[in-house]
Each structure stands twice: as structure tokens, then as C-alpha cells.
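Tertiary structure, described
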Amino acid sequence: MSNDTFSAPQGVGIIDPKSDPQYIQFRCLPPGGQLNRWSHIITREHDFPASQAMLYGAGVPDKDMMKNAPHIGIATIWWEGNPVILEFGKIVKRGVEKQKMLAWQYNAVGVSDAITMGGEGMRYSLQSRDLIADSIETVTMAQHHDANISIPGCDKNMPGVIMAAARHNRPFIMIYGGTIRKGYSNLLERDVNVSTCYEAAGAFAYGTLHAKTNAGAAGRTPGDVMSDLEEHACPGAGACGGMYTANTMATAIEAMGLTLPGSSSYPALSPEKARECERAAEVIKTTMAKDIRPRDLLTRASFENALVITMILGGSTNGVLHFLAMANTAEVSLTLDDVDRVSNKTPYLADLAPSGRYLMEDLYKIGGTPAVLKMLIVAGLINGDIPTVTGRTLAENVASWPSLPPEQTIIRPLSNPIKESGHIRVLRGNLAPEGAVAKITGKEGLSFTGKAVVFDKEHELDAALSRGQIQRDENLVLIVRYEGPKGGPGMPEQLRASAAIIGAGLKNIALVTDGRYSGASHGFIVGHVTPEAAVGGPIALVEDGDTITIDAVQNRIDITNVEDVELWARKQKWEPPVAKVRRGALAKYARLVGDASHGAVTDQWDG
């Protein structure tokens, strides 16, 4: 490479042949021998005496462990709102120590999307993905760790740890923190989950929220129903229970071979999840001995698997954004055209929330993700030959797993899909010349034309919905703009609005934004519109009353009543908004982040 490439210091070992020269180069021992390949550089002899002194002070028990034991970083994406993640890290740590290795547990930040949804705090969610990647890369590389086990729980935490793994490219396993159990509403008299709360808020605002029986009586008013949901929708630890973004990413990453089988469908509080944490300590030793690296597993074939299972299960549009970012980091070619191609050939089979009846807890009870993968491998839809962290192929990992029971109703047979092609559609047109991503299951129809109603920020739409100002008497396309990666800043999810519309029963609405929608969102929704409004994309030029047509068959999204010359004239009058956030994490993010059609990454730029 040129002088722009960092060179490793001379000394023991070799320059890691699997490292990317775009990063600082570290020396390590060659594969096939000792497992302390990177830590050996600072623990051998007396080259780094102060490092060894600090390590003894941090808990290395004796000289033999100092000189010979590999160092395993255990990254828990944790805060007290999800305490089980920290406990999983402790289980892994004990398991690593049983294997006569050194375990170093540390945390990366963990923003809760459900808690921040609809508020200004949501702007910090997506940028935390890259902050997680930065944190794990930093600790793994700086501390000369020989391997990493990451334990994420919420939506963007999973791609964050995968992006980190692609950067440091040292032996790695991801353990998904697991899904939450269902809640139960005594007043609605049915199972509920966190998404129910958002939809109920819409029904509450439009006067359609009622207890199932004896509605309006003392203790059974709409306000009482809201309180009941708030107290019982989330009965314990774990990620949101439907095929929302967390479970979308977890199932996809399992299909890519980066977790142990079953990781994505074990509930957080299940005995199997604790046993998975124990087993990971054994498997990471195999991963190290066989020199299995993240970039060995992050391939075109594994990303194809990720896209296929996302379409099969009805996963989140956020998956598209995150797959693009993961592939970008791993130097794997993946574009919106690949998403479109896989969606066109893959049926939608799963009756899972948000648009279906079941949750991940239900899928777990009939065999979980491995049973689904087993079926799809036999059908030729999933590539079972890809390697995995276990040292075996994906097909070998699930071969002994029970098949889906014939009487189950969660996963439809290939002969009777919910939709013959995928629910995620990549749209282009004069409103989104560089792409937009839609979630269209077919239940909403396949096309929509309506009058534009424009909101320059999400909170403006939220306020209109709270006041019951969105009318039912004509088709409306609600445009929410200046909420993209740069313009938000932070590309916040807009579940509060999309769920309120579902809850209020507004069937005459389509939503379009340069921001994102939560995996729990459903309805006729289009996000990730590129170029975003903040850089002068056509979405910035839409005016109230314009006619917008969305066509999920032709994969188009257009302003149909305005000629190109009129759009050009509007563009000449447009002025970029003055950035309101000028310091801190979000200001830095807005300055560095790329567009959504390339994954909204922060470490890639020209020059």
C-alpha cells in the first residue's frame, strides 16, 4: 500500500494477514499455535513491563496466565434498564475463566428505542450504533484482545457489534440478549406488547380506545386502559417481542452464522439463554483455534441469507439500513438493488407482529429460528453451506434441530405464502431518485395515491395526531421531512406517529419520510427517502396539496402533479436550513454521516 497505510512496529510475530490495511496494523502470532496471538505482544518477556504490572493489578492471577492465557473481551451493550445483559456477561466471564482464559468485561452504550421513541432522545439512537462500533473496536484493539464476545439487546446494538467485529476482525461471537415475554392487558383481555401502547395512544386520541367489557365503568375508562397497558405491556427483561428491528437483526445475524444456533429466538429469561452464554465460552476457543474471523463469515452469501430470512419473517425496514452499513464496513458489495432482487424472489411467510398475530416467544415454542432455517435450507432458499462461528456449516448447526411442527400456523408453507414476494420494497422516482425503503405486506394494498400534507419535523405530525386533526375523508400522504441522518440529526424512528395512525383506524393515510420507521411500524409506510431534505433532496420541495403516488408493483414513488420544470424552479428557491445542533455528539454525527441508501455510516468519506 501507499504511505497512507499504517505499518506495524517491528518485533515479534507477523502482521495479521487477515487485517485490513485501512486500519492500524497489529502484529500477532501466526495461527495454529498459541491462542494469545495479539495479547502475547504485550505479555511476552519484559517488552511491556508496565502493561504487565497493570494487568496483574487488574486481576491476572499468576505468571503462567500472564504469559499464556488469551484475553477475551466481553462487550455488554448494557444499562440498568436492561439488567439481564450485564448478568449474561458475568455468565460468559465465568465460562471463559473455566476455559483457562482471561475475561475482560466492559460496557458500550445502550439507548432504549422504546423509551426514547417520539421524543428528542430518539435522535441519539442510530448514532449509538456507530458509537457502539467505535467503542468495541477501540477496546479490542487498544487492549490487544485475542477475541471478542458481544452481547447486544436492542435494535441498532446488533449491527453495532457486527460493524465492530468487521473492523477489528478478531475471533468473535455475538450472543443476542433475547426477546421479552408477552404482556397481558386485563382491560383489553388479550396479550399485549410495547407496540400496543403506541397504537392505543392513537385510539385514545381519536376516542376509540375502550375496555373490552363494561367499558366506561369505574376503573374501566380509556385512561384506565392506558394505565393498564403501561403497567403490563412489558413484564420483564428482553427486547421488544415482535418481528421488530431487534428480532429482525438477531435472526438475520444467526442466518449469517455469527451466533450459536437458537440465539435469536431464545427468550431473555429462558434457561436456554443462560446455557448459550455458558457454551459461547467453549465455542470461542474453537473459533480462535480455527482462526475463524468475522470477515470470513461476512460474505455475499451470508448477506443473501440475512436478506432472505428478513423477507420470510416480515422483518423491519431498519434491517436494510443496517445490512448496508454492516456490508460497507466488511467491504462486501451490497446495494439497494440487491435488497430489491432478493425481495422480488422471496415469499413472505410469517404471521408475526407487527402486521401478524404472533411474537418471537411463540416462534421459540415451535422450534425457533433454527427450525425455520432448517426448512429454508431444505427448500433451497437459505444457503446452508456457509461457515459459522462454531466451525461447522449453517446446515450442520441446525441438522439435529426439530423441524417445524406440521400443525403450527406461525410460518406458512411455501405453497401458501402471505405474499408471493417480499414485503420490503425499494422505491425510486422523482421523490426519491436515490432510493427509498417501504414496508408493504399487501394487506394495505399495493398502491396508494393521495394529497400531500407536509410536516417539517416529526413532532409537528405527532401534535396534529394528538389533537385529532388528521381527517378521514380523503387519501392523504403525510410527508415528514428534515428527519434524515443529517437533518434530524440522527434519523429518528417515527413509531409514535405510525402506531397512532393504526390505533386511530386511519386507513386513508400513507406515511413518507427521510427518517426511519420502527420495526413495530406497519401500514403504508415509506422511509429512508434519499437524498434527504437537509441536502436539498426532492422531498424538501414537496408542497401541501401535491399529489403523491406510491406503486409497490412498479416500485415507484413520485410527485405526479408537478412537472420537472416546476420542481427545478422550487429547487432554485430552496435554502438549506440552519443547523440547530452545532456541538456535541449529534453535531459530530451530522457532519460525518453518509446517506441512508449506503447505510448511514460515519467512517467513510472522500479525500
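The rules we used
Residues numbered from 1 in each chain as written. Predicted model: local features only at pLDDT ≥ 70, side-chain atom pairs only at ≥ 80, totals over all residues. Heavy atoms only, no water. Helix = DSSP H or I, 4+ residues; strand = E, 2+ residues; numbered from the N terminus. Rg over C-alpha atoms; globule rule 2.2 N^0.38 Å. Buried < 20%, exposed > 50% of the residue type's maximum accessible area, 1.4 Å probe, protein only. Contact = heavy atoms within 4.5 Å. Areas by Shrake-Rupley, 256 points an atom, 1.4 Å probe, with all protein chains shown as cover. Lys, Arg positive; Asp, Glu negative; His and termini not counted. Charge placed at Lys NZ, Arg CZ, Asp CG, Glu CD. Phe/Tyr/Trp six-rings, centres within 6.5 Å; stacked < 30°, edge-to-face > 60°. Lys NZ or Arg CZ within 6 Å of the ring centre and 35° of its normal. 1 Å grid on protein atoms, 1.4 Å probe; cavity = no way out; pocket = protein on both sides within 12 Å on 5 of 7 lines; lining within 4 Å. Points joined across faces, edges and corners; volume = space filled by probe spheres on them. Nonpolar A, V, L, I, M, F, W, Y, C, P; charged D, E, K, R; others polar. Pairing = 2+ DSSP bridges. Axes fitted to C-alpha atoms, helices over the stretch in contact; angles between N-to-C directions. pLDDT = per-residue confidence, 0-100. Polar contact = N/O pair within 3.5 Å; in protein donor to acceptor, adjacent residues only side chain to side chain. Disulfide = S-S within 2.5 Å.

Attention now goes to the overall build of the protein chain. In terms of helices and strands, the protein chain carries 22 helices and 16 strands. By the compact-globule yardstick of 25 Å for 607 residues, the protein chain fits well, its C-alpha radius of gyration being 25 Å. Seen through its C-alpha atoms, the protein chain measures out along the principal axes to roughly 80 × 60 × 45 Å. Expressed as a percentage of its 607 residues, the buried residues of the protein chain come to 61%. Long-range contacts, defined here as pairs at least 24 residues apart, represent 75% of the contacts in the protein chain between residues at least 6 apart. Accessible surface, the protein chain: about 23400 Å² in total, of which carbon and sulfur atoms supply 53%. For the protein chain, the separation between the mean place of its 59 positive charges and that of its 67 negative charges on side chains is 4 Å.

The next subject is the packing of aromatic side chains. When we look at a pair of aromatic rings, we describe it by the centre distance and by the angle of the planes. This structure, assessed with the given rule, holds one aromatic pair. R170 extends its terminal NZ or CZ atom over the ring of F26, reaching a point 5.0 Å from the ring centre.

Over the atoms, a rolling probe the size of a water molecule traces out where space has been left empty. In the structure shown here, the tally under the stated rule is six cavities of 30 Å³ or more. By volume, the largest cavity is sized at about 100 Å³. In terms of lining residues, the largest cavity is bounded by 13 residues, among which A114, M117, D155, C240 and S518 are the most central. Of all the secondary structure elements, the ones that give two or more residues to the lining of the largest cavity are α5 (113-116) and α8 (194-205). When grouped by side-chain class, the residues that make up the lining of the largest cavity number nine nonpolar, one polar and three charged. Empty space within the second largest cavity amounts to approximately 70 Å³. Lining of the second largest cavity is provided by D16, S19, D20, Y23, I24, F26, W38, M141, R167, H168 and R170. Here the residues of the lining of the second largest cavity sort into five nonpolar, two polar and four charged.

Sheet strands pair by backbone hydrogen bonding; their relative direction is either parallel or antiparallel. Strand order in this open sheet of four strands is β4-β3-β5-β6, and the pairing throughout is parallel. The two strands at the open ends of the sheet, each matched to only one other strand, are β4 (102-108) and β6 (172-174). On average, adjacent strands in this sheet sit at an angle of 15° to one another, irrespective of strand direction. Note that strand β3 (residues 71-77) and β4 share seven bridges and pair parallel. Counted as the bridge partner of H71 is L102 from β4.

Moving on: helix α20 (residues 495-504). Among the 10 residues that make up α20, eight are buried, leaving the element largely enclosed by the rest of the structure. For α20, every residue scored as buried is listed here: L495, A497, S498, A499, A500, I501, G503 and A504. Considering only its buried residues, α20 is in contact with α8, α19 (458-466), β12 (476-480) and β13 (509-513).

Of all residues in the protein chain, 97% attain a pLDDT of 70 or more, and the chain-wide mean is 94. Throughout residues 1-8 the model reports pLDDT below 50, and contacts reaching past four residues in sequence, or to other chains, amount to 10 contacts.

It is worth spelling out the side chain of T248 at this point. When you line up the elements, T248 lands in helix α10 (residues 245-255). You can call T248 buried: its relative accessible area is 0%. A polar contact is formed between the side chain of T248 and the backbone nitrogen of S316, at a distance of 2.9 Å. With near-sequence residues (within four places) excluded, T248 lies in contact with M243, T310, G315 and S316.

A word on the layout of surface pockets. The volume enclosed by the second largest pocket comes to roughly 600 Å³. In terms of lining, the second largest pocket is formed by 22 residues, of which the most central are K457, G487, V578, A579 and K580. Broken down by element, the residue count for the lining of the second largest pocket peaks at four residues, all from helix α22 (residues 584-592). Broken down by class, the residue content of the lining of the second largest pocket amounts to 11 nonpolar, three polar and eight charged.

Counted by the stated rule, this structure contains zero disulfides. Of the cysteine sulfurs around C277, a residue in no disulfide, the closest is that of C154, at 18 Å.

Burial of β3 is extensive: seven of the seven residues sit out of reach of the surface. Taking every second residue as pointing to the same face, both faces of β3 are buried, with H71, G73, A75 and I77 on one and I72, I74 and T76 on the other. Where β3 meets strand β5 (residues 147-151), five bridges bridge the pair, whose relative direction is parallel. Among the inter-strand pairings, I74 is bridged to a residue of β5, identified as I149.

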